[in-house]
Number of protein chains: 2
Amino acid sequence: MKSDRSKPTISQVAAAAGVNRSSVSRAFSRPEMLNPETVERILAAAAEIGYVPNHVARALSTGKHGNIALIVPDVANPFFPPLIRAAQAQAETGDLCVFLGSSDEQARQEDKLLARFSSQVEGVILVSSRLSADRITEFAARIPLVLINREVPGIARVLIDSGSGVADAVDHLAGLGHRRIAYVSGPGSSWSNRQRLNAVRRTAKRTGAGMAMISAKKPTFEAGREATAAVLASGATAAICFDDLMAQGLMAGVAEAGRRVPDDLSVVGCDDVLGAATYPALTTVSSRTVEAGRTAAWLLMDMMQSNSIQDARHLLETSLVVRNSTAPPPRA
Amino acid sequence: MKSDRSKPTISQVAAAAGVNRSSVSRAFSRPEMLNPETVERILAAAAEIGYVPNHVARALSTGKHGNIALIVPDVANPFFPPLIRAAQAQAETGDLCVFLGSSDEQARQEDKLLARFSSQVEGVILVSSRLSADRITEFAARIPLVLINREVPGIARVLIDSGSGVADAVDHLAGLGHRRIAYVSGPGSSWSNRQRLNAVRRTAKRTGAGMAMISAKKPTFEAGREATAAVLASGATAAICFDDLMAQGLMAGVAEAGRRVPDDLSVVGCDDVLGAATYPALTTVSSRTVEAGRTAAWLLMDMMQSNSIQDARHLLETSLVVRNSTAPPPRA
DNA sequence: ACTTGACTTGCAACCGGTTGCATGAATAGT
DNA sequence: ACTATTCATGCAACCGGTTGCAAGTCAAGT
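Basis of the calculations
Residues numbered from 1 in each chain as written. Chains lettered and ligands numbered in written order. Predicted model: local features only at pLDDT ≥ 70, side-chain atom pairs only at ≥ 80, totals over all residues. Heavy atoms only, no water. Salt bridge = Lys/Arg side-chain N within 4 Å of Asp/Glu carboxyl O. Helix = DSSP H or I, 4+ residues; strand = E, 2+ residues; numbered from the N terminus. Near = heavy atom within 4 Å. Polar contact = N/O pair within 3.5 Å; in protein donor to acceptor, adjacent residues only side chain to side chain. Nonpolar A, V, L, I, M, F, W, Y, C, P; charged D, E, K, R; others polar. Pairing = 2+ DSSP bridges. Axes fitted to C-alpha atoms, helices over the stretch in contact; angles between N-to-C directions. Buried < 20%, exposed > 50% of the residue type's maximum accessible area, 1.4 Å probe, protein only. Arc of directions from axis to C-beta. Contact = heavy atoms within 4.5 Å. Domains from an automatic or database assignment. Buried area = accessible area lost by both parts, 1.4 Å probe.

1. Focus on the pattern of salt bridges
All names here are of chain A.
Here is step 1 of the chain: Counting across every chain of the model gives 33 salt bridges over all chains.
Here is step 2 of the chain: Residues Glu222 and Arg225 are paired through a salt bridge, measuring 3.0 Å at the closest nitrogen-oxygen approach. Within this pair, Glu222 and its partner Arg225 are both found in helix 10 (residues 221-226), separated by three residues, close to a single helical turn.
Here is step 3 of the chain: Where Arg225 meets Glu256, a salt bridge forms, and the shortest distance between an N and an O atom there is 2.8 Å. With Arg225 in helix 10 and Glu256 in helix 12 (residues 244-256), this pair connects stretches of sequence that are 31 residues apart.

Structure (structure tokens):
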């Protein structure tokens, strides 16, 4: 079944309304320039034949298409969706559309997406970019660009500082009376992991609490579950996990072992990607991804308006969200 | 700090290479038409001044911009990311870019996005659309359109038949000895919800089990948790939830109420988006979202090529994944 | 040497709008 | 009545490519 997809153009409307194409254009973009009656007549004619202005053509002559690109390493990672949503909502306020790209954690794919998008958008947000600093600088010279969780000098960036929140977590646990805290580590190569581990180490030392380090290779539910025995054997009464997924795994492992969270073991996660969707609701370090997305979009819009490069550096402090997975240690 | 954002155009390359603009155009789009030496010279000149073809301008004259839109109710819902990723990967094979939109489960927002996208894309995939059948038909007449999990006669659609899996779930529960099963409903307007509800109803009747229907507005963890009291009061010994998130909420609610899953209440989810990441691991109906995304993109690409409307209807069967949240009912 | 056909490249119109400037009409000022 | 303004609209160039057609070149065919 074939269908007729011929879209009505501005010329057809002009002919129907008996005016010049430019008047039709103005009827839509700057109606105050025209006689109200004429506007009405044009709009009526347009409605009659079902005319809808062509965004692409408009973009070609104005140079503004009202689109921005957002590239993340992996849409399926729960860390990103809230960020995406926030950026989208913020963009909406400026009447901008967001084109989303997922790079599968590969620099090559990211580069390709960027090349493809760059002629269709007026600005770009790169989240946890895997590209080289040089390449990023290169792109930033062509098009307004904001980074999230990636630092390249001279490029506008929004950084989430998880160290502060992790330190809060240790303080919180120490305040509850815990004297020995386990850190269930994520990927050793990860910058975030080092940042978090250091924060635990430093703060534990300051509060005089002891610390146990449990290594896990991958930041997954399963890895968290497998770490359970080691955590319970470490003598720690509280555990801080590299991320929420591992914390969730640990909680499942503890339950399987017939122990209870938080009565027997307090558990703290990181990133707050699960919301309160665990039982008991997980105490975690909020990553403020929503603010990151919103701030980045806001920053980008600002850069687009002023057509300038801003060497902005927004640091988002994180904080502890206390829910129900932490409590005073069991009385020995 | 101001920056120079003047993009090199085809004319500049032409001047630099000493050829006509049309030759530059051909060097990029149909190099076999040109003398290889000329192509090389042009490409060199282009690289020299950093020329990148302008997709928008090309789209204007060819009518093909190589973009498709994918609109989902909520990016942050874990059901969608795998689907998005699959669609994106499939689109990539046809050198298409995907523009993602999130409608916040609102028809108005969806309509707005669609209007905005429709002039910049050559095709649209609508996932779990909240729009009226009329509106969908209207859009489909303008632009190739494929639906996922929404049925409108005459429009190409990919349907995940959760009915089959849900029926399996009811059989599974009945087999364990449950005589009264609750269905915790999702959005009333949703096609999937009606499908699941009907499957529960039919299968319960066939197995002679009683059924209780609990209504919730949104498919969220919180909604599931709030439904707990109603479920427990309904006299049901097992509950099938509209989706995994609600099931997770229900499990949390049950635990809060001091009861246990599956000892006091068996819980079944739908969609299998959480993997085994709950405790107890959730028995759920697996949804083949990856296939749905891939198939929809494939179908759309086919429609775009043939410029035809296809009244295709792909049905994807689902199946039950039994984990640990279901067990025989407590002995009364 | 002359025609023919293949191969390269240039010319110019076109895609669907936008916009600076000019024109003409209506209104106001004196 | 006559010029100065303002207002509404048309004209035509332009945004950055694409593409059908024509023109020119060159080598093979006879």
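There's plenty left to go through after this.
2. Remarks on the protein's contact with DNA strand C
Here is step 1 of the chain: Taken together, 27 residues sit near DNA strand C, with Ile10(A), Ser25(A), Arg58(A), Ser23(B) and Thr38(B) positioned nearest.
Here is step 2 of the chain: Taking all atoms of DNA strand C within 4 Å of the protein, the share assigned to sugar and phosphate is 60%.
Here is step 3 of the chain: A distance of 3.5 Å is found between a phosphate oxygen of DNA strand C and a backbone nitrogen or oxygen belonging to Asn54(A).
Here is step 4 of the chain: The separation between a base nitrogen of DNA strand C and a polar side-chain atom of Ser22(B) is 3.3 Å.
Here is step 5 of the chain: For the surface near DNA strand C, the secondary structure elements donating two or more residues are helix 2 (21-29) and helix 4 (55-62) of chain A together with helix 2 (21-29) and helix 4 (55-62) of chain B.
Here is step 6 of the chain: When its residues are assigned to classes, the surface near DNA strand C shows nine nonpolar, twelve polar and six charged.

3. Examining the sheet that holds strand 11 (residues 313-317) of chain B
Residues and elements named next belong to chain B.
Here is step 1 of the chain: Strand order across the open sheet formed by six strands is 2-1-3-4-5-11, with parallel pairing between neighbours. Pairing within the sheet leaves two strands with one partner each, and these edge strands are strand 2 (97-102) and strand 11. Across the sheet, the mean angle from the axis of one strand to that of its neighbour is 15°, orientation sign disregarded.
Here is step 2 of the chain: In this structure, strand 4 (residues 145-148) lies alongside strand 5 (residues 156-161), joined through three bridges in parallel fashion. Looking at the pairing, Val146 lines up with Ala156 of strand 5.

4. Examining helix 4 of chain A
Here is step 1 of the chain: Of the positions making up helix 4 of chain A, those classed as buried are His55(A), Val56(A) and Ala59(A). Viewed along the axis of helix 4 of chain A, the buried residues span an arc of 95°, placing them on a single side of the element.
Here is step 2 of the chain: Residues of helix 4 of chain A that are buried make contact with helix 4 and helix 6 (107-118) of chain B.
Here is step 3 of the chain: The opening residue of helix 4 of chain A is Asn54(A), an N-cap whose side-chain oxygen sits 2.8 Å from the backbone nitrogen of Val56(A).
Here is step 4 of the chain: The first or second residue beyond helix 4 of chain A is Gly63(A), which carries a positive phi of 80°.

5. Let's talk about the domain arrangement of chain A
Residue and element names in this part refer to chain A.
Here is step 1 of the chain: As assigned here, chain A comprises domain 1 (10-53), domain 2 (67-161 + 289-318) and domain 3 (162-287).
Here is step 2 of the chain: Opposite the seven residues of domain 2 that make contact, domain 3 presents eleven residues.
Here is step 3 of the chain: Regarding the contact of domain 2 and domain 3, the summed buried area is about 740 Å², with carbon and sulfur atoms giving 50% of it.
Here is step 4 of the chain: Three residues, Phe79, Asp161 and Thr318, lead the burial of domain 2 against domain 3; their summed loss comes to 62% of the area buried on that side.
Here is step 5 of the chain: In this structure, the connection of domain 2 to domain 3 is made through eight residue pairs in polar contact (both at pLDDT 80 or more).
Here is step 6 of the chain: By residue class, the composition of the side of domain 2 that touches domain 3 is three nonpolar, two polar and two charged.

6. Quick notes on the protein's contact with DNA strand D
Here is step 1 of the chain: Around DNA strand D sit 27 residues, and of these Thr38(A), Ile10(B), Ser25(B), Arg26(B) and Arg58(B) come closest.
Here is step 2 of the chain: Within 4 Å of the protein, the contacting atoms of DNA strand D are 57% sugar and phosphate, with bases supplying the remainder.
Here is step 3 of the chain: Arg26(B) is positioned with one of its side-chain polar atoms (N or O) 2.6 Å from a base oxygen of DNA strand D.
Here is step 4 of the chain: At 3.4 Å from a phosphate oxygen of DNA strand D is found a main-chain nitrogen or oxygen belonging to Asn54(B).
Here is step 5 of the chain: When contributions to the surface near DNA strand D are tallied by element, the ones reaching two or more residues are helix 2 and helix 4 of chain A together with helix 2 and helix 4 of chain B.

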